[in-house]
Every structure is written in C-alpha cells, then in structure tokens.
Amino acid sequence: GALCNQYRIHSADELDAIEPNSEAFTNCLLDSFCLPFSCMFKTFEVPAGNVTMVEDGRGKYEFRKEGVHLICDPFYSVGETKEFDINTIIHGDRVLLVVEQGYVGLAMD
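Residues numbered from 1 in each chain as written. Predicted model: local features only at pLDDT ≥ 70, side-chain atom pairs only at ≥ 80, totals over all residues. Heavy atoms only, no water.

## Brief notes about the nonpolar core
Step number 1: The biggest cluster of nonpolar side chains holds 7 residues, and these are Leu15, Ala17, Val51, Met53, Phe63, Ile89 and Leu96.
Step number 2: Filtering out sequence-adjacent residues up to four positions away, Leu96 remains in contact with Leu15, Val51, Phe63, Phe84, Asn87, Thr88 and Ile89.
Step number 3: In terms of nonpolar packing, the next biggest core, distinct from the first, is built from 5 residues, Phe44, Val46, Val54 and Ile71 among them. (Core = buried A, V, L, I, M, F, W, Y, C linked by side-chain atoms within 4.5 Å. Buried < 20%, exposed > 50% of the residue type's maximum accessible area, 1.4 Å probe, protein only. Contact = heavy atoms within 4.5 Å.)

## So, the sheet that holds strand β5 (residues 77-83)
Step number 1: Taking strand neighbours across the sheet as the criterion, the 3 strands line up as β3-β2-β5 in an open arrangement whose pairing is antiparallel. Single-partner strands in this sheet number two, and they are β3 (61-64) and β5. Pairs of neighbouring strands in the sheet enclose a mean axial angle of 25°, with direction left out of account.
Step number 2: With 5 bridges connecting them, strand β2 (residues 50-55) and β5 associate as antiparallel partners. (Pairing = 2+ DSSP bridges. Helix = DSSP H or I, 4+ residues; strand = E, 2+ residues; numbered from the N terminus. Axes fitted to C-alpha atoms, helices over the stretch in contact; angles between N-to-C directions.)

## Side note on the pattern of salt bridges
Step number 1: Under the counting rule described, the total for this entry stands at 5 salt bridges.
Step number 2: A salt bridge links Arg58 to Asp73, with the nearest nitrogen and oxygen atoms 3.0 Å apart. Pair noted here: Arg58 is in the loop between β2 and β3 and Asp73 is in the loop between β4 (67-71) and β5, with a separation of 15 residues, a long-range link.
Step number 3: Given the relative accessible area of 53%, Arg58 is considered exposed.
Step number 4: Between Glu62 and Lys60 there is a salt bridge, and its shortest N-O distance comes to 3.9 Å. (Salt bridge = Lys/Arg side-chain N within 4 Å of Asp/Glu carboxyl O.)

## Regarding the confidence of the model for the protein chain
Step number 1: Per-residue confidence for the protein chain gives a mean pLDDT of 90; residues scoring 70 or more make up 98%.
Step number 2: Between the elements of the protein chain, mean pLDDT differs from a low of 89, seen in strand β7 (residues 94-97), to a high of 98, seen in β4. (pLDDT = per-residue confidence, 0-100.)

As structure tokens, then:
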C-alpha cells in the first residue's frame, strides 16, 4: 500500500534512544566533589515525556530517554531537551515526528 507504518511506535519505551545509566546521588557526588574535572563528564536529567539531544563530537547524534544520565567523555555535548508534543524534533541525522491520532504524517529521507 501507499502508507507505511514500519517506523511507528506505540509508546516512548520503544524510542530509539539511550536508557538512563546513572542515579541522582551519583551525579550529585560527581558534580560536588569532582569540580576540577567537570569538563571530563556530563551529568543531566531528562524529565518524563521529553528527550534530550546529545552529540558525541564525532558526528554521531542520539536521543536520551527520561531518567538520570552520566556521560564520561569530554567530547560529548548535551543539547536541548524537548517534549514529545512538539510535532517534529530534528537532531542531526535523527528525526522524531509526532503525528496526532487521525492524521497522516509525512517524512522524507
């Protein structure tokens, strides 16, 4: 058929995004006691219903899921955090297109 639902997901759990990998206490300790080395790591939290855009400094783009994250790489940069209710989220070579129920979405490569 003319319509393709190959990339359709039913919940935020199915997003092609990186899961949280830290805890708030760990990030708090790192931010408090490792201040001279803060350029070597990034700590951040992604609220529910949002994704955070991250770039690895080597041309790879990724989304981070809700939760507490720790990145131990000085070349990573943490970008904006955006809600899912925004129609289109474009981040490098990645696109999140949110289509309301009853509508048809169009995305081209």
